[in-house]
Amino acid sequence: MIQTLIAFTVSFVVNLLVLRVARRRGHAPGHDLSGPQKFHHKPAPRIGGLGVLLGVAAGLMLCGLAALKATGQEEDLQEVWQMGWMLLACGLPAFGAGLIEDLAKKTSPSKSLLATVVSGLLAAWLLGALIRDTDTPGIDALVATTLGAYAFTLLVVAGIANSVNILDGFSGLASMCVVIMLCAVAYVAFRVDDPLVMNLALLGIGATLGFFIWNFPAGISLGHGGACFLGFWFAELSILLLVRNPGEVSPLFPLLVCIYPVFETVFSHFRRKVLRGPSVGSPDDMHLHSLIHHQVMHWTLADEDVRALKHRNFMTSPFLWLLCMLSAVPAVLFRDQGAPLAFFLLLFVATYLWLWWWTSTRFPTRPMETAASK
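Remember, it's a predicted structure, so these values are computed and weren't measured experimentally. All residue numbers refer to position in the chain's written sequence, counted from 1. With pLDDT at 70 or above as the cut-off, local features in this predicted model cover only qualifying residues; side-chain atom pairs require 80 or more to be listed or tallied, and sums for whole chains, interfaces and linings still use all residues. The side-chain numbers reported here are obtained from all heavy atoms of the structure, hydrogens and water having been left aside.

*Asks:* Looking at this structure, I do not really get the overall build of the protein. What am I missing?
*Replies:* Within the protein one finds 15 helices and zero strands. For the protein, the proportion of its 374 residues judged to be buried stands at 53%. Here, two residues are considered to be in contact whenever any of their heavy atoms come within 4.5 Å of each other. When contacts within the protein are restricted to residue pairs at least 6 apart in sequence, long-range pairs at least 24 apart make up 75% of them. Only the protein chains shown count as covering a residue, and every accessible area follows the Shrake-Rupley method with a 1.4 Å probe. Of the roughly 16,100 Å² of accessible surface on the protein, a fraction of 68% belongs to carbon and sulfur atoms. Numbering of helices and strands runs from the N terminus; a helix is a DSSP stretch of H or I covering at least four residues, while a strand is a stretch of E covering at least two. A 1.4 Å probe rolled over the protein chains alone gives each residue an accessible area, and that area as a share of the maximum for its type sets the label: buried under 20%, exposed over 50%, partly exposed in between.

Structure (structure tokens):
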């Protein structure tokens, strides 16, 4: 649809301008190469989320213009325009706090997380995006109460937003995973005849792909603002899909769709607190994507070509795209069947743990750190 194309074009152009300005000034806004989780070979601007946000906004403007005609299927665009702007406005606290963190480093991670909670609270209040059913004994009793539903919903929204942010370290990893996740939501929304969720998901896909062109290979990053906004956008559309289509979509569907970034976050907190000991918020390079990066470097270590060294960053991401698709595909196929979805959730967890164990035992002490910094 034309709105998706406009979202793509605006995001593409804005991020191109950001890259050109950064190159002319000789520095990348808000980015540095310090820290064990940094794998770019040179500084990259961390404000790619601005282009994504403006791309979605441009698509919504076009929806509003089309809605003025109000003929045939374009009547659906009236709802997309109204609900879309409300959802975009709700996401501004999460985006704004992250953008400040990217540009000035004046906001702590806890405050960024709090801003995402505020965004989730606004969406729950204004749009009715509350989780009331989980297909999980015990949790269902919690969300049956209004207070419990708000608490659980905010936990989910903040958790998903943070999980996308964790992936924003390698070229194309977070952005393509979000595209895969939004594609799953858009397709299921189409199948259950929910044009609102479908069109808003398509706008997110278009804007993210416009950014992806300049993100892969490394050129610009989402940053905290962009990653939190996209995580918020996916989480809220998933909740709205459940709220608007009870019985047609299992609550386990969105969980399986985003299980890769979510389990990456949960397991990272577990190993930092229990297995390794430092603070949960301490960065490290023991994420699965970091370990796979070490493996990719091992495969190409003998090749000292400078271009090959630069490209080892983006060579990592396709392996993780496949992992993300391996959960998204069965989620779509069994969108309304709780038992198969639960089975594939367990299968994914087992697969992830095996991959992490295999790669961590091969490279337990970051032997490729020196090569990565060249």
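*Asks:* Please clarify how the confidence of the model for the protein should be interpreted in this entry.
*Replies:* If pLDDT is low for a region, its predicted coordinates should not be looked at in detail. pLDDT is defined as a per-residue confidence score from the predictor, taking values between 0 and 100. Looking at the protein as a whole, its pLDDT mean stands at 83, while 78% of the residues score no less than 70. The low-confidence segment residues 30–41 (pLDDT under 50) makes 34 contacts with residues lying over four places distant or belonging to another chain. The low-confidence segment residues 365–374 (pLDDT under 50) makes 12 contacts with residues lying over four places distant or belonging to another chain.

*Asks:* What's the story with the environment of Leu-87 in this structure? I'm lost.
*Replies:* Looking at the element boundaries, Leu-87 is found in helix α3 (residues 75–104). Considering only alpha carbons, one finds Leu-87 and Leu-200, 113 residues apart in sequence, at a separation of 9.5 Å. With sequence-adjacent residues up to four places away left out, Leu-87 is seen in contact with Ala-123, Leu-127, Leu-200, Phe-232, Trp-233, Glu-236 and Leu-237.

*Asks:* Is there a simple way to explain a nonpolar patch on the surface in this structure?
*Replies:* Patch definition: residues with relative accessible area over 30% and no salt bridge; like charges joined within 9 Å; nonpolar side chains (Val, Leu, Ile, Met, Phe, Trp, Tyr) joined within 5 Å. Any carboxyl oxygen of Asp or Glu that lies within 4 Å of a side-chain nitrogen of Lys or Arg is treated as forming a salt bridge with it. Together, Met-86, Trp-125 and Leu-126 make up a nonpolar patch on the protein surface, roughly 330 Å² of accessible area in all. Tracing the sequence through the fold places Trp-125 in helix α4 (residues 109–127).

*Asks:* Looking at this model, I keep getting lost on the packing of aromatic side chains. Mind explaining?
*Replies:* Each aromatic ring pair is described using two quantities: the centre-to-centre distance and the angle formed by the ring planes. Any two of the Phe, Tyr and Trp rings considered here, Trp counted by its six-membered ring, make a pair once their centres fall within 6.5 Å; the pair's planes then place it as stacked at under 30 degrees, edge-to-face at over 60, or tilted in between. Here the structure, examined in full by the defined rule, presents 12 aromatic pairs. With 5.8 Å between their ring centres and 25° between their planes, Phe-334 and Phe-344 make a pair best called stacked. Highlighted residues: Phe-334 in the loop between α13 (306–333) and α14 (338–362) and Phe-344 in helix α14, separated in sequence by 10 residues. Plain terms: the ring middles of Phe-343 and Phe-344 are 5.3 Å apart, the flat faces sit at 75° to each other, and that makes the pair edge-to-face. In this structure an aromatic cluster arises from ring pairing among Phe-263, Phe-267, Phe-348, Tyr-352 and Trp-356.

*Asks:* Explain the pattern of salt bridges here, please?
*Replies:* Two side chains with opposite charge may pair up if their charged atoms get near one another. For the structure shown, the criterion picks out three salt bridges. Across the pair Arg-244 and Glu-79 runs a salt bridge, and its minimum N-O distance is 3.1 Å. Taken together, the residues span a long stretch of sequence, with Arg-244 in helix α9 (residues 223–244) and Glu-79 in helix α3 at a distance of 165 residues. As a salt-bridge pair, Asp-194 and Arg-244 come within 3.0 Å of each other at their nearest N and O atoms. In this pair, Asp-194 is assigned in the loop between α7 (173–191) and α8 (195–215) and Arg-244 in helix α9, connecting sequence segments 50 residues apart. Looking at Asp-194, the relative accessible area reads 2%, which means it is buried. Using a relative accessible area of 32% as the deciding quantity, one classes Arg-244 as partly exposed. Linked by salt bridges that have partners in common, Glu-79, Asp-194 and Arg-244 make up one network.

*Asks:* I keep staring at the nonpolar core and nothing clicks. Help me out?
*Replies:* Nonpolar cores are built from buried Ala, Val, Leu, Ile, Met, Phe, Trp, Tyr and Cys residues. Side-chain atoms within 4.5 Å join them into one set. In terms of nonpolar packing, the biggest core is built from 98 residues, with Leu-200, Phe-229, Trp-233, Leu-237, Leu-241, Phe-253 and Tyr-260 touching the most fellow members. If one sorts the elements of this core by residue count, α7 sits on top with 14 residues.

*Asks:* Explain α8 to me, please; I cannot follow it from the model alone.
*Replies:* Along an α-helix, a turn takes 3.6 residues, which lines up residues three or four apart on a common side. An ideal rise of 1.5 Å per residue puts 30 Å on 21 residues; α8 measures up with 29 Å between its terminal C-alpha atoms. Within α8, 16 of the 21 residues are buried, which leaves it mostly tucked inside the rest of the structure. For a helix, the expected span equals 1.5 Å multiplied by the residue count minus one.

*Asks:* How do you make sense of the side chain of Asn-245 when you look at a structure like this?
*Replies:* Tracing the backbone shows Asn-245 in the loop between α9 and α10 (252–257). For Asn-245, the side chain forms a polar contact with the main-chain oxygen of Leu-241, separated by 2.9 Å. In contact with Asn-245, other than residues within four places in its own chain, are Val-192 and Asp-194. We define a polar contact as two N or O atoms separated by no more than 3.5 Å, with the added condition that, inside protein, one atom must be a possible hydrogen donor and the other a possible acceptor, whereas residues neighbouring each other in sequence contribute only through side-chain atom pairs.

*Asks:* I tried to follow α4 on my own but got confused; where do I start?
*Replies:* Compared with the 27 Å implied by 1.5 Å per residue over 19 residues, the 26 Å span of α4 between its first and last C-alpha is a close match. All of the buried residues along α4 are Ser-112, Ala-115, Thr-116, Ser-119, Gly-120, Ala-123, Ala-124 and Leu-127. In the stretch just after α4, Gly-128 is the one whose phi turns positive, near 70°.

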